Amino acid sequence: MGESLPDVPGGDQERGAAFRRPVRTLRVKMVLLGGSGVGKSSLALRFGKDEFRSTSPTVGCAYLTRVVHLSEVTLRFEIWDTAGQEKYHSVTPLYYRGAHAALLVYDISSRESFIRAQLWLKELEKQSVPGSTLTWLVGNKGDLDQDRQVSAQEGKKLAKDRSLFFTETSALSGDQVNELMLDVAHRVYEHVGEEQGGLTEWKETLPEEMYHRDTSNPLSSCCKVGP
Amino acid sequence: MSQRTERRGIHVDQSDLLCKKGCGYYGNAAWQGLCSKCWREEYQRVRQKQIQDDWALAEKLQREEEAAYASSHGTQTQPHSQASAPQQQPGHASLGPFSKFEEKKTNEKTRKVTTVKKFFSPSSRTASKKENQEGKTPSPSTSRRASFDTDQVSRDFVDFLKNLQKPGRDIHKQCRAFIVNMSSKKDLSADELSECVQDFYQGMADRLMSHFKGSSEPVEQVMDQVEKYIMTRLYKSVFCPETTDDEKKDLATQNRIRALHWVTIQMLCVSFDEEIPEVSENVVKAITDIIEMDSKRVPRDKLGCITRCSKHIFSAIRITKNEPASADDFLPALIYIVLKANPPRLQSNIQYITRFCNPSRLMTGEDGYYFTNLCCAAAFIEKLDAQSLNLSPEEFERYMSGQASPRFGGSEGDWSGGGPAGGAGAANPALAQLNHNLELLSSLGSRQEAVAEAARGLQADLLSWTQSVEREVHGILEKYPLEVLSCTVSAIDANNMDNDNLPPPLTPQVFAG
Ligand SMILES: Nc1nc2c(ncn2[C@@H]2O[C@H](COP(=O)(O)OP(=O)(O)O)[C@@H](O)[C@H]2O)c(=O)[nH]1
Ligand SMILES: [Mg+2]
Ligand SMILES: [Zn+2]
């Protein structure tokens, strides 16, 4: 696959594309949701870390950007971290609005965080236009297998029931983090990025087309999902 | 203010209170000394004049623009334009069928726009007519400066569009037509106004997008200018419009924040150490920025204030914690800043931005992130309760009712301490002054309490004193019962020793004869 997460400015991939035609850059909004301490901020930092063209010296890690090159397009991810404490739950749907992707994170070593994720899901389903955002259920802290309280099976089942995508990651070791990023990139581009003109921020996120998601059918071999 | 001092004065001439127009009714300082009827007439007159001025200016500008375009086409010929960017080549210069613009606008009900609004402003739909309209009208004299600013913005817009040549001219025409169109739609609800503006943005952006061959950057640039031009002109009629309850909500929020004055950094778990001078400096700047938002007219400029405020908050947290702030740090800190700043017309500003800003700026991008956080902060403050501050319901009630202040050792009323608040703002003079004043206030409070206590004592004393007097009187009365002495009625003629000085009784004298 010709796709990569760039670590060198203007890698071969980008230069090659430039000869054919200018590569479009689309903006993708991705929101991180989940209880306190499940590892949202750590994931956000992981996602944002490898960014080769670090924008203005980052004062905070609540809003981060990350560029991902696919073969025909460049995606500029805007990663929105959210406050996880319970008292802020009622305002969380505000962040979710207009997001192309959402990662609903729980901690595999905490059953409580898994239950909280389900409550969250209910809240979001109530508040937002169904299908306008692609949502991943992410079991983080995969490195803590010895303390596991939520089996991968359970996670998968919940995801399937609610037609979410599923994966387990470790923000600590970085396991599956890049894979998740690429998966999100592919699927979001597939659903949103076909827009003529390509400037997603001016366009609707095509609710109708995004209704039909298929968890069982990975788009391509390079973005294998889940364990 | 001046009115109050006048009223307080002893010699108030009756004529000072009457309407300055001499109609015989009483005037009101808020209406520049006029009665409500005369004020309304005066306001209408000034407003009418201003509309005329605006039109005159618009016409003048149009002539200027046309002249400018004519000259730029005459003198600035081919060599110049060809040297510039490819999208400005003559072949690309037409912006396409603008005439279909109106059609498209009506056909295409943009779902996005409505859903965004619905989301950010769930209650904006309950529009209610305001009875009291003159209360909120700006005083006629303040509109002068505003119209000057508007002129400047119009000129800048024309200057900007000149660089785009032919399409620039089309854009300008469309914008002007739109403004004229809008000014004829005074009776629309806030949502309808918003929909008109958003439809216009959308149509314009689509058109620009195809003109610039899908390259988003120039489109965004032009759209920023379009927004600036349009919203500067529409601001007065669409900010906090009379058809909404925005103003009521502003007041409610303001009072709510005032009632929450006692909330501390610790209760919100904010990572600010205000004893570090740099931190308290950033806190003050953040407060200033969020207050400044109300003075801006263009939605994007208001967003800019929110972003600057947020950056200062991030700096304050980073300096305090020595690591970049996460979302868990940021939101509580923003809530704290909003509580300290009590920004004027917070709800109106949020509504205005939501209604008239390009929606992509609100839902995506860094500005959008901070704006969303501000919306969250406002929503949170509305719902804030004991639990969200880690207090018991009783404590929360006591603080809300002003019976106790957490500043001084909390619920048990440890007045003697007084120390902890002093250090917090020492680094910054303004904060120190604030803290000083707060301390004065609470010492005043405690003194008042003491006075009240003494008064109660005095009252009790008085009561017991009268009782003791009564008791004494009773005692005396019992000891010396009142004896009713049989009293002989003395007649003047009786043999009374005291009556020596009295003249002797008259005795009949007999005259012989
Ligand atoms: N073992 C392990 N710890 C993690 C992982 N991700 C985050 N943590 C730790 O979990 C704690 C909370 O992480 P944070 O990112 O602040 O969670 P947030 O509250 O969801 O933002 C921190 O101490 C992290 O070091 C992970 O994948 N594995
Ligand atoms: Mg976090
Ligand atoms: Zn009068």
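Structure first, text after, so check above.
So, here's what we can say about the structure. Remember, it's a predicted structure, so these values are computed and weren't measured experimentally.

### Focus: the overall build of chain A
Helix and strand counts for chain A come out as seven helices and six strands. For chain A, the sequential pattern of α-helices and β-strands runs α-β-α-β-β-α-β-α-β-α-β-α-α. Counting only residues that meet the buried cut, chain A has 56% of its 227 residues in that class. A separation of at least 24 residues holds for 76% of the contacts in chain A among residues at least 6 apart in sequence. Summed over all atoms, the accessible surface of chain A reaches about 9900 Å², with 50% contributed by carbon and sulfur.

### What to know about unusual backbone geometry
Glycine aside, residues mostly have negative phi angles, and peptide bonds mostly take the trans form. The phi angle at Ser163(A) is positive, at roughly 40 degrees, despite the residue not being glycine. Positionally, Ser163(A) belongs in the loop between helix H5 (152-161) and strand S6 (165-168). Unlike most non-glycine residues, Arg345(B) shows phi in positive territory, near 50 degrees. When you line up the elements, Arg345(B) lands in the loop between helix H15 (327-341) and helix H16 (346-356). Under the relative-accessibility criterion, Arg345(B) is labelled partly exposed at 35%.

### Some points on the site of ligand 1
All names here are of chain A. Around ligand 1, a shell composed of 16 residues is seen, among which Gly 37, Lys 40, Ser 41, Ser 42 and Asp 143 lie nearest. Lys 141 places a polar side-chain atom, nitrogen or oxygen, 3.0 Å from an oxygen atom of ligand 1. Taking Leu 172, its main chain carries an N or O atom lying 3.1 Å from an oxygen atom of ligand 1. Summarising the interface, the protein chains cover 71% of the accessible area of ligand 1, which totals 570 Å² for the free molecule. When residues of the shell around ligand 1 are assigned to their parent elements, the largest contribution, three residues, is made by helix H2 (residues 40-49). In terms of residue class, the shell around ligand 1 is built from four nonpolar, eight polar and four charged.

### Considering a nonpolar patch on the surface
All names here are of chain B. Judged by side-chain polarity, Leu 458, Leu 462, Trp 465, Val 469, Val 473 and Leu 477 come together as a nonpolar surface patch covering roughly 600 Å² of accessible area. In this fold, Val 469 is placed in helix H21 (residues 429-479). Take Val 469: its relative accessible area is 34%, and that puts it in the partly exposed class.

### As for the pattern of salt bridges
The full count for this structure, using the stated rule, is 26 salt bridges over all chains. For Arg308(B), the salt bridge is made with Asp289(B), and the minimal N-O distance between the two is 3.8 Å. Taken together, the positions of Arg308(B) in helix H14 (residues 299-321) and Asp289(B) in helix H13 (residues 277-292) put the pair 19 residues apart, joining distant regions of the chain. One connected set of salt bridges, linked through shared partners, spans Arg27(A), Arg76(A), Glu78(A) and Glu220(B).

### Digging into the coordination of the magnesium ion (ligand 2)
Each protein donor to the magnesium ion (ligand 2) is listed here as Ser41(A) (OG) and Asp328(B) (OD); together their distances run 2.0 to 2.3 Å. Here Ser41(A) is found in helix H2, whereas its partner Asp328(B) is found in helix H15 on a different chain. Among the residues examined, Ser41(A) registers a relative accessible area of 17% and is labelled buried.

### Re helix H11 (residues 246-259) of chain B
For H11(B), with 14 residues, the first-to-last C-alpha span of 20 Å sits near the 20 Å given by 1.5 Å per residue. Tucked into the core, H11(B) has its buried residues touching H15, H16 and helix H18 (365-383) of chain B.

### With respect to the interface of chain B and chain A
Interfaces are often described in size by the accessible area the parts lose on coming together. Counting residues at the interface gives 44 residues for chain B and 33 residues for chain A. A combined buried area of about 3600 Å² lies between chain B and chain A, and 62% of that area is made up of carbon and sulfur atoms. Applying the counting criterion to the chain B and chain A interface returns one salt bridge. Of the charged contacts, one joins Arg27(A) and Glu220(B) as a salt bridge, the two residues approaching to 3.7 Å between their closest N and O atoms. Across the chain B-chain A interface, the total number found is nine residue pairs in polar contact (both at pLDDT 80 or more). Among the elements of the structure, helix H6 (111-120), helix H9 (190-211), helix H10 (216-238), H14, H15, helix H17 (359-363) and H18 of chain B are those that each provide at least two residues to the side of chain B that touches chain A. Per-element accounting of the side of chain B that touches chain A gives the leading share, eleven residues, to H18(B). Residue composition of the side of chain B that touches chain A, grouped by class: 22 nonpolar, 13 polar and nine charged.

About the criteria used
- Along each chain, residue indices are assigned from 1 in the same order as the chain's sequence is written.
- Throughout, the order in which chains and ligands are written sets their labels, letters from A for the former and numbers from 1 for the latter.
- For a predicted model such as this one, the threshold for reporting local features is a pLDDT of at least 70, and the threshold for listing and counting side-chain atom pairs is 80 or more; totals across whole chains, interfaces and linings nevertheless cover every residue.
- Just so you know, side-chain values use all the structure's heavy atoms and leave hydrogens and water out.
- The secondary structure listing takes helices from DSSP runs of H or I that are at least 4 residues long and strands from runs of E that are at least 2 residues long, numbered from the N terminus.
- Under the scheme applied here, a residue whose accessible area is under 20% of the maximum for its type counts as buried, over 50% as exposed, and between as partly exposed, the area being computed with a 1.4 Å probe on protein chains only.
- Here, residues are in contact when the closest pair of their heavy atoms is within 4.5 Å.
- In short, Shrake-Rupley with a 1.4 Å probe defines the accessible areas, and a residue's cover is counted only from the protein chains shown.
- We call a residue near a molecule or strand as soon as one heavy atom of that residue lies within 4 Å of the molecule or strand.
- Any pair of N or O atoms that falls within 3.5 Å is considered a polar contact. Within protein, one atom must be able to donate a hydrogen and the other to accept it, and sequence-neighbouring residues count only if both atoms are side-chain atoms.
- Polar here means any residue other than Ala, Val, Leu, Ile, Met, Phe, Trp, Tyr, Cys and Pro, which are nonpolar, and Asp, Glu, Lys and Arg, which are charged; Gly is therefore polar.
- Within the patch definition used here, like charges are joined within 9 Å and nonpolar side chains (Val, Leu, Ile, Met, Phe, Trp, Tyr) within 5 Å, considering only residues with over 30% relative accessible area and no salt bridge.
- We define a salt bridge as a contact between a side-chain nitrogen of Lys or Arg and a carboxyl oxygen of Asp or Glu at a distance within 4 Å.
- A donor here means an N, O or S atom no more than 2.8 Å from the metal, or no more than 3.2 Å when the metal is Na, K or Ca. Since water is not included, a site may seem to lack partners.
- Expected span, for any helix, means 1.5 Å times one less than how many residues it has.
- What gets called buried area is simply the loss in accessible area from a 1.4 Å probe that two parts show on being joined, summed for both.

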